[in-house]
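Reading the structure
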Amino acid sequence: MPMNRIQFQPGLSLSAFLRDYGTEAQCEAAVVAARWPEGFVCDRCRCTRFSPTHNGRRLWQCKDCGYQSSSIVGSVMEHTKLALTTWFLAMYWVTQSKNGISALALMRYVGVSYPTAWLLRHKLMQVMFEREQATLLSGRIEIDDAFLGGEQPGRQGRGGNKVPFLAAVETDLRGRPQIVRFDRVDNHGIAAIQAWATAAIAPESLVLSDGWPGFTQLSSLVQCHEPHITGHGPKAAKHPEFHWVNTLLSNLKTALAGTFHAFAFRKYGHRYLAEFAYRFNRRSNLKAMLPRLLHAAVASSPQPLRKIRLPETAC
Ligand SMILES: [Zn+2]
């Protein structure tokens, strides 16, 4: 059997990580380079001249307007009391673990309290979620409706904790998966699916769906919509036109069940879905995933605890 190039890629070893990001000065230099790749630029007046100063953390004082800034001001790391080495170690485990990492495992690996590990993890997942929201699928796309916490929409189960979402996989001409989107939706009705498709799918696409009535209006949004009657159960899951969306849905559920024993689907499901998609969409270069997440984190906005605890719809 030929070796899977993506599956067997070396990734970022722990020794290479410690060599590149093992000290606070190295992490600070990486944040500065990500934030100001062309050198310091004042957020207020765009001046590029500064005086270095210090206030517990290295500060950059603009020579024109006097505004003081640090490398993490305005980013998801703003106001953190943690060392940057702790953030980087968390980014390492979040990006290099095959199926993600639980807050409990992060607590042990990084050496922080459980509430700190939980918040750190959700802040990084929020960064991933915001990145994935900008992904636009095009070409041949397999889509399916699914639920977190169960698969049968008619049976809401204990606590009614089943959360509807949509899965979509873009494949190349040879039918190989390229990028995926998993998005929470309020329901699988026509209006919700239309709103989702408008944001997630390019109009010139070929979309393949099953015969679910909520998908019927896709024909008016994309160049070609092919509904296939798949039936239900295991036979439907083996339908060849939906091979990749079914495979990735199965992988997602295995990953969530294996790594996270319990989480609030309804409140935070969007972040777990986005984290899986983020990792899958960057799977071809595991080593680059940490610097890419760092760039996204530096470009993102502050996420205080009260904001992180809001459900998706209230963000
Ligand atoms: Zn200035």
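Thresholds, definitions, all that
- Residues numbered from 1 in each chain as written.
- Predicted model: local features only at pLDDT ≥ 70, side-chain atom pairs only at ≥ 80, totals over all residues.
- Heavy atoms only, no water.
- Helix = DSSP H or I, 4+ residues; strand = E, 2+ residues; numbered from the N terminus.
- Contact = heavy atoms within 4.5 Å.
- Buried < 20%, exposed > 50% of the residue type's maximum accessible area, 1.4 Å probe, protein only.
- Arc of directions from axis to C-beta.
- Pairing = 2+ DSSP bridges.
- Axes fitted to C-alpha atoms, helices over the stretch in contact; angles between N-to-C directions.
- Domains from an automatic or database assignment.
- Buried area = accessible area lost by both parts, 1.4 Å probe.
- Salt bridge = Lys/Arg side-chain N within 4 Å of Asp/Glu carboxyl O.
- Polar contact = N/O pair within 3.5 Å; in protein donor to acceptor, adjacent residues only side chain to side chain.
- Nonpolar A, V, L, I, M, F, W, Y, C, P; charged D, E, K, R; others polar.

1. Quick word on unusual backbone geometry
The residue R46 is not glycine, and still its phi comes out positive at about 65°. Here R46 shows up in the loop between α2 (24-35) and β1 (50-54). Phi is positive for H79, close to 65°, though the residue is something other than glycine.

2. Looking at the side chain of T171
Locating T171 in the fold gives a position in strand β5 (residues 163-171). Excluding residues that lie within four positions of it along the chain, T171 makes contacts with R140, E142, R176, P177, Q178 and W244.

3. Overview of helix α4 (residues 103-110)
Among the residues of α4, those classed as buried are A103, A105, L106 and V110. Buried residues in α4, looked at end-on, bunch into an arc of 155°, giving them a common side. Packed against the buried residues of α4 are α3 (84-96) and α5 (114-132). One or two steps after α4, the chain reaches G111, where phi turns positive at roughly 85°.

4. Examining the sheet that holds strand β7 (residues 206-210)
Ordered in space as β6-β5-β4-β7-β8, the five strands form an open sheet in which the pairing is mixed. Edge strands, defined here as strands with exactly one partner in the open sheet, are β6 (177-184) and β8 (224-228). Taking each pair of neighbouring strands and ignoring which way they run, the sheet shows an average axis angle of 25°. Bridging between β7 and β8 involves five bridges; their strand directions are parallel. Bridging across to β8, V207 finds its partner in H225.

5. Re the domain arrangement of the protein
We note that the domain assignment places domain 1 (76-132 + 284-315) and domain 2 (140-281) within the protein. Between domain 1 and domain 2, the buried area comes to about 2100 Å², and carbon and sulfur atoms account for 55% of it. Ranking the residues of domain 1 by area buried against domain 2 places N99, E132 and E312 at the top, with a combined share of 29%. In this assembly, domain 1 and domain 2 are joined by one salt bridge. Across the salt bridge formed by R121 and E275, the nearest N and O atoms sit 2.9 Å from each other. Viewed at the interface, domain 2 and domain 1 are joined by eight residue pairs in polar contact (both at pLDDT 80 or more). Taken together, the elements giving at least two residues each to the side of domain 1 that touches domain 2 come down to α3, α5, α10 (289-299) and α11 (305-308). Tallied by class, residues from the side of domain 1 that touches domain 2 come to eleven nonpolar, eight polar and eight charged.

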